[in-house]
There are 2 protein chains.
Amino acid sequence: MKRLTILAAGLLMCVMSFAQQALWGVPQVISPEIHENNTVTFRLKAPKAVKVQVTGDFLPTQKIKTPYGEFDAPGFADLTEGKDGLWEYTTSNQLKPELYSYSFIVDGLKTIDPNNVYLNRDVASITNIFIIGGERADLYKVNKVPHGTVSRIWYNSPTLGMERRMTVYTPAGYEASGKRYPVFYLLHGMGGDEEAWIALGRTAQILDNLIAKGKAKPMIVVMTNGNASQEAAPGESSAGLVPPNTQLPKTMEGSFEMAFPDVVKFVDNNYRTIKSKSGRAIAGLSMGGFHSMHISKQFPDLFNYVGLFSAAILPNKDAKSPVYENLEGKLKVQFSKKPALYWIAIGKADFLYKANEDYRKLLDEKGYKYTYYETGEGHIWKNWRIYLTEFTPLLFK
Amino acid sequence: MKRLTILAAGLLMCVMSFAQQALWGVPQVISPEIHENNTVTFRLKAPKAVKVQVTGDFLPTQKIKTPYGEFDAPGFADLTEGKDGLWEYTTSNQLKPELYSYSFIVDGLKTIDPNNVYLNRDVASITNIFIIGGERADLYKVNKVPHGTVSRIWYNSPTLGMERRMTVYTPAGYEASGKRYPVFYLLHGMGGDEEAWIALGRTAQILDNLIAKGKAKPMIVVMTNGNASQEAAPGESSAGLVPPNTQLPKTMEGSFEMAFPDVVKFVDNNYRTIKSKSGRAIAGLSMGGFHSMHISKQFPDLFNYVGLFSAAILPNKDAKSPVYENLEGKLKVQFSKKPALYWIAIGKADFLYKANEDYRKLLDEKGYKYTYYETGEGHIWKNWRIYLTEFTPLLFK
């Protein structure tokens, strides 16, 4: 590098240093700031704003009225304007360990926190996230433990006539171990896709941490896309970068359930799996619980472990699929084969509570054995992460 | 499901239908809207805003003055307020095929477009993206072609004493083919990480499309994290969800380069690779070009193909690593072994143009053979995607 004169080299180093400053300069605004006592301060620099609010699931819920009844929605809190247009709000309470999401509302416009690059997409909404550690929430963190591999892989579904995308977690050491592993099929809810469990559900972190603690067996987790007309999650398919809400997917009409053996066949042919009922579990949240219920009874020799997380156990009168015919007869066959675990979980405040209660009554009357797990609150990701941490340790024992 | 009274079932279907409406209801605002003639309309509903602007790389650049000289920055355009607080701007020009990024600025506050869920993170900035198709930009789209698998996998680096994360692309059919594949190591620039090439660089789409057209050989692409003190990208490591700019990484001081054989060893032990120089390429952008230059000459028997994309060929006087000693002697050894390809690319307006010109002069004087590819514009992702589409077809022929 003798060719560079000292002057030129000096100038270039200055430019690089300027770039580095811009890239990593100490940020003006820290937001969110998690204090030692687990109160949290949110900050936004917005000198021209008249009103700044924060909304998120860390705040007490408020009731909203709809034509269909009252629902719980996240609350709001006002930020206060300080010096130089820096707005600020500190929670009055210490927050409990949890993964939280929030947005700012600036003069009526919902926006992300520009000082927080950590985001989740839930259907068509982008929100910021933060984690208060401790207790169960430590399972949601990336810790210094052996890490599994997370892959996005495409498979062919002859039944649906499509190439489709799935997300696959293989446990730490899978690549080199030469061993065979059991497989847990984990299904998302309405509006979700093959990204939902890995992002919002923290599946890779939960599995890494449970396996490292010896609380769960090393296993493969397969997260499918349950919308039978979609190749892949929004932005990841040949539909292009179109708004997610223009891609109304086909759901709960039977075709995803009927095509599920294509998924199992692909996974068995492309991963080192235990290719038998004893090595397979299926569970899902909301619509995915509905799917898990129907798939596991439609194909009673495929899954030994079944989990219904806040399952949308709803009759679909418009669906003509054979999947939904003869429910009781198929349940009789499924339970006669004695699944190792049939696990039902729901929150006390879930709008699907009654439907699940009715379903459990049916199982009780028939004497079909299941395990029931009830939490507080409703139809929210907080509950589904809890169910994942409770269900996974019960598998493949 | 006979247990559910018709009333209850009807109510639940209403609730589900309400939820579905909320999830997929026709959006009020379409933004960005790409018209048939490739003009684009941006829209934002902000009834209380006084001024709304859009900024992005689809607009003509403007000069900004810094203590180190003038730089090009993205331009701005004003949106106009229409009915009901709906602001709008349509480009005056038809946009050329490209992947573009943009943000809104509402009364001075930079924000994402709430109607566009497609985002990229570049270091600590989140921006929206859209694609104008056609020509080379069709390579950046997900098309109906066989798709490779994208994995995030952790490896052990004994040299750095850390578990570290990398992103690996394996070509369509890899899992079941039983074949061995060549490996292309692809390195990011300053501020980037193992997510940069796959997200901003559209590597999976470019490789899928080039391979499907028969223009590139099926190959594995390994995207490392070049910050030797980081386990993984922001949010993906045990550092937690801390702002990226508080994690000042160790860069360009030799340790990443010295530890690179750990990466090659892991990949050769965990993937079906061609384990020889003829089956290995290395390239990188900016700092990654600097890394590629130093790694390929430090270990002259590892890589047969070398690509320097807008390489930060800068002497680092503070770095004491043996990697940077005896440059000319090591280049002599490297070129005496006749690499199949030594490829240098840069944009005419790049602030590193002169440094690359000086480096080429050195190679010319010594009679070392290389291929040179020059584009317009400067140190931007648009150029790096172009270089990837040009370089990849030259590999492993």
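Here the structure is a predicted model, which is why all the values come from computation and not from measurement.

Let us look at the nonpolar core. Of all hydrophobic cores here, the largest spans 86 residues; its most connected members are A:F184, A:F309, B:F184 and B:F309. When neighbours within four sequence positions are excluded, A:F184 is seen to be in contact with A:M219, A:I220, A:V221, A:V222, A:A281, A:I282, A:A283, A:L388, A:F391, A:T392, A:L395 and A:F396. B:V168, B:V267, B:I344 and B:Y368 belong to the second largest nonpolar core, which has 42 residues in total.

All names here are of chain B. With antiparallel pairing, the four strands of this open sheet are ordered in space as β1-β2-β8-β7. Unpaired on one side and paired on the other, β1 (33-34) and β7 (80-81) mark the two borders of the sheet. Across two bridges, β7 lies against strand β8 (residues 86-90) in antiparallel orientation. Across the sheet, the residue bridging to E81 is W87, located in β8.

This part is about the environment of A:Y155. Residue and element names in this part refer to chain A. Mapped onto the elements, Y155 comes out in strand β13 (residues 149-157). Taking relative accessible area as the criterion, Y155 reaches 3% and is therefore assigned buried. A sequence separation of 115 residues divides Y155 from N270, and the C-alpha atoms of the two residues are 9.7 Å apart. Ignoring sequence-local partners within four residues, the contact set of Y155 consists of M162, E163, R164, R165, M166, D262, V263 and F266.

On to helix α6 (residues 260-270) of chain A. Among the eleven residues in α6(A), eight count as buried, and that is most of the element. Within α6(A), burial applies to A:F260, A:D262, A:V263, A:V264, A:F266, A:V267, A:D268 and A:N270.

The next point concerns the sheet that holds strand β2 (residues 40-45) of chain A. All names here are of chain A. Strand order in the open sheet formed by four strands is β1-β2-β8-β7, with antiparallel pairing between adjacent strands. This sheet does not close on itself; its edge strands, each paired only once, are β1 (33-34) and β7 (80-81). Of the pairings in the sheet, the one linking β2 to strand β8 (residues 86-90) comprises five bridges and is antiparallel in character. The residue of β8 that forms the bridge with F42 is Y89.

Attention shifts here to the packing of aromatic side chains. Scanning the model with the defined rule gives 58 aromatic pairs over all chains in all. Between B:W381 and B:W384 the ring centres are 5.2 Å apart and the planes differ by 85 degrees, which places this aromatic pair in the edge-to-face class. You can see B:W381 and its partner B:W384 sitting in helix α10 (residues 381-391), three residues apart, about one turn around the helix. On the basis of relative accessible area, B:W381 is assigned to the buried category, the value being 13%. Residue B:W384 is classed as buried on the basis of its relative accessible area of 5%. Cluster of aromatic residues (ring-pair linked, three or more members): A:F184, A:W197, A:F309, A:W343, A:Y373, A:W381, A:W384, A:Y387 and A:F391. The cationic tip of A:R385 hangs over the ring face of A:Y140; the distance from NZ or CZ to the ring centre is 5.5 Å. In this structure, B:R360 is placed above the aromatic ring of B:Y372, and the distance from its NZ or CZ to the ring centre is 3.6 Å.

This part is about unusual backbone geometry. Look at the link from A:S31 to A:P32: it is a cis peptide, with omega at -10 degrees. Of note, A:P32 is situated in the loop between α1 (6-24) and β1. Positioned with a positive phi, B:E135 is a non-glycine residue whose angle comes to about 50 degrees. One non-glycine residue, B:S310, lies in positive phi territory at about 50 degrees. Inspection of the secondary structure assignment puts B:S310 in the loop between β18 (305-309) and α8 (327-336). The exposure class assigned to B:S310 is buried, which follows from its relative accessible area of 0%.

Bringing the domain arrangement of chain A into the picture now. All names here are of chain A. Per the domain assignment, the segments of chain A are domain 1 (33-133) and domain 2 (140-394). Across the boundary between the two partners, domain 1 contributes nine residues, which contact 16 residues of domain 2. Here domain 1 packs against domain 2, burying approximately 1,100 Å² in sum over the two surfaces, 61% of which is carbon and sulfur. On the domain 1 side of the interface with domain 2, the three residues burying the most area are E98, L99 and R121, jointly 43% of the side's total. Counting the contacts that link domain 1 with domain 2 gives two salt bridges.

Rules of the game
Residues numbered from 1 in each chain as written. Chains lettered and ligands numbered in written order. Predicted model: local features only at pLDDT ≥ 70, side-chain atom pairs only at ≥ 80, totals over all residues. Heavy atoms only, no water. Core = buried A, V, L, I, M, F, W, Y, C linked by side-chain atoms within 4.5 Å. Buried < 20%, exposed > 50% of the residue type's maximum accessible area, 1.4 Å probe, protein only. Contact = heavy atoms within 4.5 Å. Pairing = 2+ DSSP bridges. Helix = DSSP H or I, 4+ residues; strand = E, 2+ residues; numbered from the N terminus. Phe/Tyr/Trp six-rings, centres within 6.5 Å; stacked < 30°, edge-to-face > 60°. Lys NZ or Arg CZ within 6 Å of the ring centre and 35° of its normal. Domains from an automatic or database assignment. Buried area = accessible area lost by both parts, 1.4 Å probe. Salt bridge = Lys/Arg side-chain N within 4 Å of Asp/Glu carboxyl O.

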